[in-house]
Amino acid sequence: MASEQPKEVPTDPAIASSSTSVVEGAEDPAQPSKKGAKKAEAKAKKEAEKARKAAEREAAAAAQASSAAEDHAKDNYGEYSPSKKISAPYVRLSEIGEPHIGKEIKLQAWIQNSRSQGAKMVFVELREEGNWTVQGVVAASTEGTPVSKQMVNWIKGVKLESFVSLEAVVQKPLEPVKSCKVGEFELHLTKVYLVATAPEMLGLGLAAASRAVGNLDDAAQNEGVESLSITEGTPNAALSVHLNNPAMHKRAPVSQAIADIRIAVEDYFCEYLRARRFKKFHPPSLIGAASEGGANVFKLPYFEKEAFLAQSPQFYKQIEIAGGRKRVYCVGPVFRAENSNTPRHMTEFIGLDLEMEIEEHYHEVMHMLEGVLLYIFKSLAKNQREEIELVRSVYPSEEFLLPEEGKEVRLTFAEGQALLRTEGPPEFANVTDDEDMSTPQEKALGALIKKKYNSDFYVLDKFPVDARPFYAMPDPENPKVTNAYDFMMRGQEILSGGQRLHLPAELEAHIRFKGLDPNQPGIKEYVDVFRSVGVPPHGGGGIGLDRVVAWYLNLPSVQLVCDYPRTPKRLSP
């Protein structure tokens, strides 16, 4: 009997469906509910959205990586190297004008400040010299050239006071930039190369260097909190901090303005005298003996001998007159070994000296010195007005008052003392005419003269003989006083001078009168000049350059004027 064959399974969907159908109204436990289906569908959509966002993030990261790899501005910034050229012409900030708008220029400057504005823009303050500053704009373009986002980020990281070389397009800002001297223009930077980077932390920041000094005591060892003073909520660095950080101290616009005024004073001194037939010469600083017989002299070994630093060019000016010159002047260092730690004193300073032959009266010399100083003051007021106003913005002072022409203030020493006795403070009611003036006396007299004559500049003549050196000529009519004078600014001395003894017998006698030996080293060589030839009557004076500038600007210390001050506490930098 043949085996039974299996029944064929229907393949028609309808039949299959019919064969597997269930009783109507009953649920198939193998199938999800409608509610479950909706949950599954929502979950699937959520997972798909999550996958889509992840894909977008991956694509963005890939695009960013690709963009970073394709920094189109990479050659326009970074460390300077000779291969990185800027072909645009160099234009100084003081020269920028309307014709430069829209044109490329080259500039080298310090980054003085920076301020970010989002990821694609940064503003930088650029300082070329002194207070010549301009705003620079670094903005990334959509194309990433000439400035990319990477370039903007790099510039944000450049340390303040770093020195850069750059290329930029001159443009007009939307409104003037009040914080910069060149405020009518701004620079849109297209290339920036770092020439020299600044350290992470500056010993003296530009903001502090640009403010008035705090503590005037140059105690170089104290540079912590003790070296700061508070003025209207702003910390002011001590003088020692300024002087121990010379580069940043000198970068401050106020320091450069003072330095420019100082050199202008020297230039005007020389200019005035050259126009009046004075000849310049150079005296030595190294001498073989104490030049004025005093103890305040620096000694140093000189091969197998001892040498000294000159306290004054006095003797050499007189030798020039003895050598046939009618009028001479010199500018050079003067050294004083005085342990005076005051705002008025330094152990080395620059002297402006002149000497001239006298025709009839020593007042010829006094009037010449008066003339040169008045010329200096008037020239400063006319030609250095911008620098003066800059200094006054940091160190406020009143205008330096000058006497009217033909009404110069000239008093004898005795008249000055009499004014102090009658109109001065009570402590000076008993000052005498044969004692030298103290610093408080000088200042009190200066205040009286300003009130009485409306002048900050005046001359005191006929100093007592005990207050003058051995070479000062005594007054022939009153041997208790000399033909010698001091010039004063704001009640402080800036010049000493007078007529010199020129006849050897009188000179020798006066040296002995002063308790000195005319044959001692240093003095003997001086007297021998007058013994060797006939020397005409002559006189002169010496001006302290740093004091002139300090008192004219009414600064708190002469050390703020000197390029590199030397005091009993300071020998560096």
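Look up: the structure comes first, before these words.
Read on for a plain summary of the structure. Along each chain, residues carry numbers from 1 onward, in the same order as the chain's sequence is written. The predicted nature of this model means local features are confined to residues of pLDDT at least 70 and side-chain atom pairs, given and counted, to a pLDDT of 80 or more, with totals for whole chains, interfaces and linings taken over all residues. As a convention, hydrogens and water are excluded, and side-chain values are obtained from all of the structure's heavy atoms.

## Details of the pattern of salt bridges
Convention followed: By salt bridge we mean one thing: a side-chain nitrogen of Lys or Arg within 4 Å of a carboxyl oxygen of Asp or Glu. Numbering of helices and strands starts at the N terminus; helices are DSSP runs of H or I of at least 4 residues and strands are runs of E of at least 2. The buried label goes to any residue with under 20% of its type's maximum accessible area, the exposed label to any with over 50%, and the partly exposed label to all in between, with areas taken from a 1.4 Å probe on protein chains only.
Taken as a whole and assessed by the stated rule, the structure comprises 36 salt bridges. Two residues, E200 and K159, come together in a salt bridge whose shortest N-O distance is 3.8 Å. Of the two residues, E200 sits in the loop between β6 (182-196) and α4 (206-209) while K159 sits in the loop between α3 (149-156) and β5 (163-171), which places them 41 residues apart along the sequence. On the accessibility criterion, K159 (28% relative accessible area) is partly exposed. For K172, the salt bridge goes to E184, with nearest N and O atoms at 3.9 Å. Of the two residues, K172 sits in the loop between β5 and β6 while E184 sits in strand β6, which places them 12 residues apart along the sequence.

## Focus: the environment of L560
To keep it simple, the criterion reads: We call two residues in contact when some of their heavy atoms are within 4.5 Å.
Structurally, the position occupied by L560 is in the segment after α15 (545-553). By relative accessible area, which is 8% here, L560 ends up buried. Along the backbone, L560 and A259 are 301 residues apart, and their C-alpha atoms lie at a distance of 9.1 Å. Leaving out residues up to four positions away in the same chain, L560 has contacts with V213, L239, H249, I258 and Y395.

## Comments concerning the packing of helix α11 (residues 413-423) against helix α12 (residues 439-453)
As a reminder, the rule being used: What counts as an axis is a line fitted to C-alpha atoms, over the stretch in contact for a helix, and the angles between N-to-C directions run from 0 to 180 degrees. Working definition: roughly parallel below 35 degrees, roughly antiparallel above 145 degrees, roughly perpendicular at 65 to 115 degrees, and oblique for all remaining angles. Each residue is assigned to one of three groups, with Ala, Val, Leu, Ile, Met, Phe, Trp, Tyr, Cys and Pro labelled nonpolar, Asp, Glu, Lys and Arg labelled charged, and all others, Gly among them, labelled polar.
It is at 10 Å that the axes of α11 and α12 come closest, and there the two elements cross at 85 degrees. Considering the angle they form, α11 stands roughly perpendicular to α12. The segment α11 lies against α12, with G416, Q417, L419, L420 and E423 engaging Q441, A444, L445, L448, I449 and K452. Residue composition of the contact of α11 with α12, grouped by class: 6 nonpolar, 3 polar and 2 charged.

## Details of the packing of aromatic side chains
For the record, the criterion: For this analysis, a ring pair means two rings from Phe, Tyr or Trp (six-membered ring only for Trp) whose centres lie within 6.5 Å, classed as stacked if their planes differ by under 30 degrees, edge-to-face if by over 60, and tilted for the remaining angles.
Tallied over the entire structure, the rule returns 20 aromatic pairs. On the basis of an interplanar angle of 40 degrees and a centroid distance of 5.3 Å, the ring pair of Y272 and Y375 is categorised as tilted. With Y272 in helix α7 (residues 253-274) and Y375 in helix α9 (residues 363-383), this pair connects stretches of sequence that are 103 residues apart. By relative accessible area, Y375 is classed as partly exposed at 28%. Judged by centre distance (6.0 Å) and plane angle (75 degrees), the ring pair of F470 and Y526 falls under edge-to-face.

## Notes on the packing of helix α8 (residues 314-322) against helix α14 (residues 523-532)
As a reminder, the rule being used: Left-handed describes a crossing in which the near helix is turned anticlockwise from the far one by less than a right angle; the clockwise case is right-handed.
In the contact formed by α8 and α14, the axes pass within 10 Å of each other and the chain directions differ by 15 degrees. When the axes of α8 and α14 are compared, the pair comes out roughly parallel. The hand of the α8/α14 crossing is left-handed. Here F315, Q318, I319 and A322 of α8 come into contact with α14, specifically with Y526, V529 and F530. Across the contact of α8 with α14, the residue classes break down as 6 nonpolar, 1 polar and no charged.

## Brief notes about the nonpolar core
Our working rule: The nonpolar core is taken to be a set of buried Ala, Val, Leu, Ile, Met, Phe, Trp, Tyr and Cys residues, with the residues joined through side-chain atoms within 4.5 Å.
The biggest cluster of nonpolar side chains holds 71 residues, and the ones touching the most others in it are F269, L373 and F487. In terms of residue count, the dominant contributor to this core is α7 (11 residues). The residues touching F487, leaving out its near neighbours within four places in the chain, are M366, L369, E370, L373, F457, Y458, V459, Q492, E493, I494 and L495. Membership of the second largest hydrophobic core comes to 30 residues, among which are A140, I155, V170 and F185.

## Side note on the pairing of strand β13 (residues 327-335)
As a reminder of what qualifies: Between any two strands, pairing holds if DSSP finds at least two bridges.
Of all 9 residues that make up β13, 8 are buried, and the element is covered over most of its length. As paired strands, strand β9 (residues 279-280) and β13 are joined by 2 bridges and run parallel to one another. Within β13, the residue paired with K279 across the bridge is V328. Bridging between β13 and strand β14 (residues 348-357) involves 9 bridges; their strand directions are antiparallel. Looking at the pairing, G332 lines up with G351 of β14.

## Quick notes on the sheet that holds β14
As summarised here, the arrangement of the 8 strands in space is β9-β13-β14-β21-β20-β19-β16-β15, forming an open sheet in which the pairing is mixed. Looking at the sheet topology across the chains shown, the edges are occupied by β9 and β15 (410-412). With 5 bridges connecting them, strand β16 (residues 457-461) and strand β19 (residues 484-489) associate as antiparallel partners. Bridge pairing in β19 places D461 opposite Y485. The strands that α7 touches are β13, β14 and β21 (538-544); relative to β13, the one it contacts most, it runs at about 155 degrees.

## A few points about the sheet that holds strand β12 (residues 305-309)
With respect to topology, 3 strands assemble into an open sheet ordered β10-β12-β11, the strand pairing being antiparallel. Each having just a single partner strand, β10 (286-287) and β11 (299-302) make up the two edges of the open sheet. Both β10 and β12 contribute to a ladder of 2 bridges, which runs antiparallel. The partner of I287 across the bridge, within β12, is F308.

## Some thoughts on α11
In plain terms, the rule: An arc is given here, and it is the one of the directions from the helix axis to the C-beta atoms.
Looking only at α11, the buried set comprises F413, G416, Q417, L419 and L420. In an axial view of α11, the angular spread of the buried residues amounts to 155 degrees, which keeps them on one side of the axis. Against β15, α12 and β16 lie the buried residues of α11.

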